[in-house]
Amino acid sequence: DAKTTQPPSMDCAEGRAANLPCNHSTISGNEYVYWYRQIHSQGPQYIIHGLKNNETNEMASLIITEDRKSSTLILPHATLRDTAVYYCIASQGGSEKLVFGKGTKLTVNP
Amino acid sequence: NAGVMQNPRHLVRRRGQEARLRCSPMKGHSHVYWYRQLPEEGLKFMVYLQKENIIDESGMPKERFSAEFPKEGPSILRIQQVVRGDSAAYFCASSQQRTNEKLFFGSGTQLSVL
């Protein structure tokens, strides 16, 4: 599975959009990009995933560049409850192949 | 629709004792995954099971660790003769299918070895 690179930490003001970047320059054509988050002491929570096209759901939007070497997770209106570690994972699936790195610790400030 | 249920939430064991961690997947899910998270680190895959079968145990330590998912009842992660290095959060996840399927995680079991 492709390795992903994320900034270790980011800050965002409450009510503003949080844009979390992820680089996956070695991603292969059949690998999906998954995003999960982990709020302190809780189990990870699935956010969104995509292959080529941009995706949106009730939680977030996922923007994947045309060359698929990077992506951005967008939380449109961040709240304090969005403070968490966000993991970007590239995987061709079988769910057992999800490899969690250290992620980005997002802190939403009042 | 209950989520993935793990128990106990906290487990304290002395060195040399056995630890049993239980995981009930979401209703309708037949795929179970165990992950371990050491302090200040990311989650590490341990094992993937379907009902009565171990599919992938490439992340399991070779000794003292075992997992099962019987036809009836929860999945069990068993750690024999625990050592202090086993202290970690153990998370279970389940999915309905295998490929490119989002995982639903439980709240985890925090194992502390004294």
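Residues numbered from 1 in each chain as written. Chains lettered and ligands numbered in written order. Predicted model: local features only at pLDDT ≥ 70, side-chain atom pairs only at ≥ 80, totals over all residues. Heavy atoms only, no water.

*Asks:* How do you make sense of the pattern of salt bridges when you look at a structure like this?
*Replies:* Two side chains of opposite charge can pair, provided their charged atoms sit close to one another. Residue and element names in this part refer to chain A. As enumerated under the stated definition, the model contains 4 salt bridges over all chains in all. With a closest N to O distance of 2.7 Å, Arg37 and Asp82 form a salt bridge. Placement of the pair is Arg37 in strand E3 (residues 32–38) and Asp82 in the loop between strand E7 (70–75) and strand E8 (84–91), with a sequence separation of 45 residues. Residue class for Arg37 comes out buried when judged on its relative accessible area of 11%. We classify Asp82 as buried; its relative accessible area is 12%. (Salt bridge = Lys/Arg side-chain N within 4 Å of Asp/Glu carboxyl O. Helix = DSSP H or I, 4+ residues; strand = E, 2+ residues; numbered from the N terminus. Buried < 20%, exposed > 50% of the residue type's maximum accessible area, 1.4 Å probe, protein only.)

*Asks:* Can you help me understand the nonpolar core in this one?
*Replies:* As a rule of thumb, nonpolar side chains are buried together in soluble globular proteins. In this structure, Trp34, Met46, Leu77 and Tyr90 of chain B are the most contacted members of the largest nonpolar core, which totals 23 residues. Counting residues per element, the ones that place at least two in this core are strand E3 (19–24), strand E4 (31–37), strand E5 (43–50), strand E7 (65–68), strand E8 (75–79), strand E9 (88–95) and strand E11 (109–113) of chain B. Not counting chain neighbours up to four residues away, the residues in contact with Leu77 of chain B comprise Ala19, Arg20, Leu21, Trp34, Met46, Met60, Ser66, Ala67 and Tyr90 of chain B. Ala18, Ile47, Leu75 and Ala78 of chain A belong to the second-largest nonpolar core, a separate cluster that totals 21 residues. (Core = buried A, V, L, I, M, F, W, Y, C linked by side-chain atoms within 4.5 Å. Contact = heavy atoms within 4.5 Å.)

*Asks:* Teacher, can you tell me more about the interface of chain A and chain B here?
*Replies:* Note on interface size: it is often stated as the accessible area lost on association of the parts. Each partner contributes to the interface: chain A provides 21 residues, whereas chain B provides 21 residues. With both chains or domains summed, chain A and chain B bury close to 1600 Å², and 50% of this area falls on carbon and sulfur atoms. Our count for the chain A to chain B interface comes out at 3 residue pairs in polar contact (both at pLDDT 80 or more). No other element matches E3 of chain A, which puts 4 residues into the side of chain A that touches chain B. Classifying every residue of the side of chain A that touches chain B gives 8 nonpolar, 11 polar and 2 charged. (Buried area = accessible area lost by both parts, 1.4 Å probe. Polar contact = N/O pair within 3.5 Å; in protein donor to acceptor, adjacent residues only side chain to side chain. Nonpolar A, V, L, I, M, F, W, Y, C, P; charged D, E, K, R; others polar.)

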